[in-house]
Amino acid sequence: MRKTERYPVKGANSLWHVYKTVPFWKVVKNFIVIQLARYTPFLGVKNWLYRTFLRMKIGEQTSFALMVMLDVMFPEKISVGRNTVIGYNTTILAHEYLIREYRLGDVVIGDEVMIGANTTILPGVTIGSGAFVSAGTLVHKDVPAGAFVGGNPMKVIYTKEEMDNRWADDPIYGEK
């Protein structure tokens with residue numbers, strides 16, 4: 001189960017209430033910063049922009065590929081550990097605007113996580129350290145540390161123990 005806080009709205013759907021939930025100028029600033037970072041080829045500059053202007057927690061040597069789209073309303077609810085790779089065109093959301101409510105949830109991505117291209121991560125999800133998320137996955141629930149997951153809906157393909165066994169003799173991923 002995702003960990004989100006729910007906020008009911010009356011009348012029109014929750015997106016019509018958006019600027020009651022987040023300041024307009026904050027969204028404008030976040031949009032500009034995110035768009036600059038999406039296109040810059042300099043990984044250090046991206047991380048600096050995210051830390052400085054979006055108040056995100058980003059670990060050392062973490063890499064956001066080209067076109068990664070972060071939550072424009074609440075990017076400060078996203079944290080990413082060290083030496084993690086976020087693949088091309090991945091979307092990370094910390095909010096959901098629904099008909100009768102909106103939801104907010106922290107997204108926590110651990111250390112040395114590999115997230116494949118075109119993945120969508122929903123609010124309130126934790127991805128454990130050492131996990132692998134296959135390209136094109138909809139991450140709608142927590143991912144155990146060290147697991148290999150994929151698909152829509154997301155399923156555990158290999159547990160950490162199974163991954164350890166598969167790579168036991170691998171010269172790159174095997175025992176260190």
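Conventions and cut-offs
- Residues numbered from 1 in each chain as written.
- Predicted model: local features only at pLDDT ≥ 70, side-chain atom pairs only at ≥ 80, totals over all residues.
- Heavy atoms only, no water.
- Core = buried A, V, L, I, M, F, W, Y, C linked by side-chain atoms within 4.5 Å.
- Buried < 20%, exposed > 50% of the residue type's maximum accessible area, 1.4 Å probe, protein only.
- Helix = DSSP H or I, 4+ residues; strand = E, 2+ residues; numbered from the N terminus.
- Contact = heavy atoms within 4.5 Å.
- Pairing = 2+ DSSP bridges.
- Axes fitted to C-alpha atoms, helices over the stretch in contact; angles between N-to-C directions.
- Phe/Tyr/Trp six-rings, centres within 6.5 Å; stacked < 30°, edge-to-face > 60°.
- Patch = residues over 30% accessible without salt bridge, like charges linked within 9 Å, V, L, I, M, F, W, Y side chains within 5 Å.
- Areas by Shrake-Rupley, 256 points an atom, 1.4 Å probe, with all protein chains shown as cover.
- Salt bridge = Lys/Arg side-chain N within 4 Å of Asp/Glu carboxyl O.

Asks: Report on the nonpolar core, specifying residues and quantitative values.
Replies: Membership of the largest hydrophobic core comes to 40 residues, with the highest contact counts inside it found for Phe64, Leu70, Ile109, Ile121 and Ile127. For this core, the elements supplying multiple residues, two or more each, are helix H2 (24-39), helix H3 (43-54), strand E5 (78-80), strand E9 (101-104) and strand E10 (107-109). No other element matches the four residues that H2 contributes to this core. Apart from the residues within four sequence positions on either side, isoleucine 121 is in contact with Thr90, Thr91, Ile92, Leu93, Val107, Ile109, Ile115, Ile127 and Val139.

Asks: With reference to specific residues and values, describe the environment of lysine 57.
Replies: Structurally, the position occupied by lysine 57 is in strand E2 (residues 57-58). Its relative accessible area of 57% is what places lysine 57 among the exposed residues. Taking the C-alpha atoms as reference points, lysine 57 and glutamate 175, separated by 118 residues in sequence, lie 30 Å from one another.

Asks: Summarise the sheet that holds strand E8 (residues 95-97); cite the residues concerned and give the values.
Replies: Strand order in the open sheet formed by three strands is E1-E9-E8, with antiparallel pairing between adjacent strands. The sheet is open, and its two edges are formed by strand E1 (5-8) and E8, each paired on a single side. Between one strand axis and the next, the sheet turns through 15° on average, direction left out of account. Here E8 pairs with E9 via three bridges, running antiparallel. The residue of E9 that forms the bridge with glutamate 96 is arginine 103.

Asks: Give a detailed account of the packing of aromatic side chains, specifying residues and quantitative values.
Replies: What the rule picks out here adds up to 11 aromatic pairs. On the numbers, 4.8 Å between centres and 15° between planes, the contact of tyrosine 7 with tyrosine 102 is stacked. Of the two residues, tyrosine 7 sits in strand E1 while tyrosine 102 sits in strand E9, which places them 95 residues apart along the sequence. On the accessibility criterion, tyrosine 7 (28% relative accessible area) is partly exposed. Looking at tyrosine 102, the relative accessible area reads 12%, which means it is buried. Measuring from centroid to centroid gives 5.2 Å for phenylalanine 132 and tryptophan 167, while their planes differ by 75°, and the two rings are edge-to-face. Linking phenylalanine 132 in strand E14 (residues 132-133) with tryptophan 167 in the segment after helix H4 (160-166), this pair joins segments that are 35 residues apart in sequence. Phenylalanine 132 gets classed as buried once you look at its relative accessible area, which sits at 18%. Exposure remark for tryptophan 167: the relative accessible area of 23% places this residue in the partly exposed category. Among the aromatic residues, ring-to-ring pairing joins Phe132, Phe148, Tyr158, Trp167 and Tyr173 into one connected group.

Asks: Got a sec to walk through a nonpolar patch on the surface? Specific residues and values, please.
Replies: A cluster of nonpolar side chains, namely Tyr19, Phe24 and Trp25, defines an oily patch on the protein surface of about 400 Å² accessible area. One can find tryptophan 25 in helix H2.

Asks: Can you break down the sheet that holds strand E13 (residues 126-127) residue by residue, with the values?
Replies: Each strand in a sheet pairs with its neighbour through backbone hydrogen bonds, running either in the same direction (parallel) or in the opposite one (antiparallel). The strand order E2-E5-E10-E13 describes an open sheet built from four strands, whose pairing is parallel. Two strands close off the open sheet at either side, each with one partner strand: E2 and E13. In the sheet, E5 pairs with E10 via three bridges, with the strands oriented parallel. The partner of serine 79 across the bridge, within E10, is valine 108.

On their own, these measurements won't tell you what the molecule is for.
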